[in-house]
Amino acid sequence: MWYHKPAINEELLQSLPNLKVVASSGVGIDHLDLKLLSRYGVKVSNTPFIVSTDTADMGMALLLASSRRLVEGHEMAVSPDTEYFPANWLGVEVSGATLGIVGMGTIGYKVAERAKAFEMKILYHNRNQRKKEEESAVGAVYCKKIDDLLQQSDFVLLAVNLTPQTHKLIGKRELELMKPTATLINISRGLIVDQDALVEALQNKVIKAAALDVTYPEPLPRDHPLLKMKNVIITPHIGSATKKTRWVMMEEMAESIQAGLAGLPVPREVL
C-alpha cells in the first residue's frame, strides 16, 4: 500500500482469497482495519523506523520556516513589485524558545534532539513518561497534562499516531490555551487537529501561525481558507520524502511480502 491505496475493505479481501500479507508504507496504520484483516488471516506490516529521522527533520524545517517567515520572505524577494525590503519585517526567535512536543515516540524524541541543538527549552506530553536518562539527554520536561504544555509553549509540535483517542486532539479549547504568539506544527495526521477550529483561531489571532505537513483532506480544496493565509505554511505530506528513505521503505515492504509468502515471520509486523 502506498498513500493508503488500494483501500483494504471486505470486498477487496473477498476478491483476493490467497492474500497473505499487506505491506503498508510509513508508520501510520489508522487507514487499516486490523480486526478485519486478522479475520481473513492476513498479516500486516509497516515501515515505522526508517521514516523517523526524515520526519523529525521536516518538523524542525517547518518550525524554522514559520518562525523566520521564509515563504513570505521568498515571495517578497522575488516579487516584481518589490522595491525595497522593509526594516520592520521581523520573525521570531527559535533559540531559547519553548517547544512543546505532543507525542514523544521515536519521531518526537528525534525532534527533541534537534531542538536541543537550537538551545530550546523542551516540554513533552506522552501517554507514558520517558526514562529519566532519556529526558536528561535532551533536557526534556514531562507534562502529565497536555494543558500545561499548551499554556507554556512558544511552538507546539504534534507527533502522535491517529487513534480514536487522538482524533481532533487539538480543538477550540486547546487552541485557546496556547499563547497568542504561539505556532502550531503538525507532522502527524491532519485529523489530530480540528481544522475548522484552527482556521478560526488563526483568523482571530488566538494563535500566531501554523505549519502543517498534513491536512484533511489531502490536498485541501483549492478554496480552503488555510490556503489563503499568510501565517500558514502547508507542505504536501512529505515528512519521509527523501530518495534514500523512500528506497529503504520499498525494500522493507518487499522484504515483508517475501516473508509472508514464504510463511516466515513478517518483519515489522503490526500486531
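Predicted model, so just to flag it, every value in this text is computed and none were measured. (Residues numbered from 1 in each chain as written. Predicted model: local features only at pLDDT ≥ 70, side-chain atom pairs only at ≥ 80, totals over all residues. Heavy atoms only, no water.)

### Topic: the overall build of the protein chain
Item 1. A tally of helices and strands in the protein chain yields 10 helices and nine strands.
Item 2. Expressed as lengths along the three principal axes of its C-alpha atoms, the size of the protein chain is roughly 65 × 50 × 35 Å.
Item 3. Pairs at least 24 apart in sequence give 62% of the contacts found in the protein chain among residues at least 6 apart.
Item 4. With an accessible surface of roughly 14800 Å², the protein chain has 55% of that area assigned to carbon and sulfur atoms.
Item 5. Looking at charge distribution, the protein chain has the averaged site of its 31 positive side-chain charges lying 3 Å from that of its 31 negative ones. (Helix = DSSP H or I, 4+ residues; strand = E, 2+ residues; numbered from the N terminus. Contact = heavy atoms within 4.5 Å. Areas by Shrake-Rupley, 256 points an atom, 1.4 Å probe, with all protein chains shown as cover. Lys, Arg positive; Asp, Glu negative; His and termini not counted. Charge placed at Lys NZ, Arg CZ, Asp CG, Glu CD.)

### Examining the UniProt feature "domain: D-isomer specific 2-hydroxyacid dehydrogenase catalytic" (unreviewed entry) in the protein chain
Item 1. Here the UniProt-annotated "domain: D-isomer specific 2-hydroxyacid dehydrogenase catalytic" (unreviewed entry) positions come out as residues 2-270.
Item 2. The distance from the first to the last C-alpha atom of residues 2-270 is 16 Å, and the span holds 36% helix and 13% strand. (UniProt positions renumbered as here; feature names shortened; annotations may be inferred.)

### Let's talk about the sheet that holds strand S5 (residues 140-142)
Item 1. Ordered by their spatial adjacency, seven strands build an open sheet running S5-S4-S3-S6-S7-S8-S9, and the pairing between neighbours is parallel. Edge positions in the open sheet fall to S5 and strand S9 (232-234), since each of these has one partner strand only. With strand direction ignored, the average angle separating the axes of adjacent strands in the sheet is 15°.
Item 2. Pairing of strand S3 (residues 98-102) with strand S4 (residues 121-125), which is carried by five bridges, proceeds in the parallel orientation. By the bridge assignment for S4, Thr98 is matched with Lys121. (Pairing = 2+ DSSP bridges. Axes fitted to C-alpha atoms, helices over the stretch in contact; angles between N-to-C directions.)

### Details of the packing of aromatic side chains
Item 1. The final tally for this structure, using the stated rule, is two aromatic pairs.
Item 2. Ring centres of Trp2 and Tyr3 lie 6.3 Å apart, and the angle between their planes is 85°; on these two criteria the pair is classed as edge-to-face.
Item 3. With a relative accessible area of 27%, Trp2 lands in the partly exposed category.
Item 4. Plain terms: the ring middles of Tyr124 and Tyr142 are 5.2 Å apart, the flat faces sit at 50° to each other, and that makes the pair tilted. Residue Tyr124 is located in strand S4, and its partner Tyr142 is located in strand S5; the two are separated by 18 residues in the primary sequence. (Phe/Tyr/Trp six-rings, centres within 6.5 Å; stacked < 30°, edge-to-face > 60°. Buried < 20%, exposed > 50% of the residue type's maximum accessible area, 1.4 Å probe, protein only.)

### Some words on the packing of helix H3 (residues 52-67) against helix H5 (residues 106-117)
Item 1. Two numbers describe how H3 lies on H5: the axes approach to 8 Å, and their chain directions differ by 50°. If you check the angle between H3 and H5, you find them oblique. In this structure, H3 meets H5 at a crossing whose hand is right-handed. Contacts between H3 and H5 pair Ser52, Thr53, Thr55, Ala56, Asp57 and Met60 from the former with Thr106, Ile107, Lys110, Val111, Arg114 and Ala115 from the latter.
Item 2. Across the contact of H3 with H5, the residue classes break down as five nonpolar, four polar and three charged. (Parallel < 35°, antiparallel > 145°, perpendicular 65-115°, else oblique. Left-handed = near helix turned anticlockwise from the far one by under 90°. Nonpolar A, V, L, I, M, F, W, Y, C, P; charged D, E, K, R; others polar.)

### Let's talk about the domain arrangement of the protein chain
Item 1. Domain parsing of the protein chain yields domain 1 (10-49 + 242-262) and domain 2 (51-78 + 92-234).
Item 2. The straight-line distance from the C-alpha centre of domain 1 to that of domain 2 is 29 Å.
Item 3. Counting residues at the interface gives 10 residues for domain 1, matched by five residues for domain 2.
Item 4. Taken together, the two surfaces of domain 1 and domain 2 that pack against each other cover about 700 Å², and 49% of this comes from carbon and sulfur.
Item 5. When residues of domain 1 are sorted by the area they lose upon contact with domain 2, Val27, Asp30 and Phe49 head the list and together hold 57% of the total.
Item 6. Summed over the shared surface of domain 1 and domain 2, the number is one salt bridge.
Item 7. Between Arg189 and Asp30 there is a salt bridge; the shortest N-O distance is 3.2 Å.
Item 8. The residue makeup of the side of domain 1 that touches domain 2, split by class, is four nonpolar, five polar and one charged. (Domains from an automatic or database assignment. Buried area = accessible area lost by both parts, 1.4 Å probe. Salt bridge = Lys/Arg side-chain N within 4 Å of Asp/Glu carboxyl O.)

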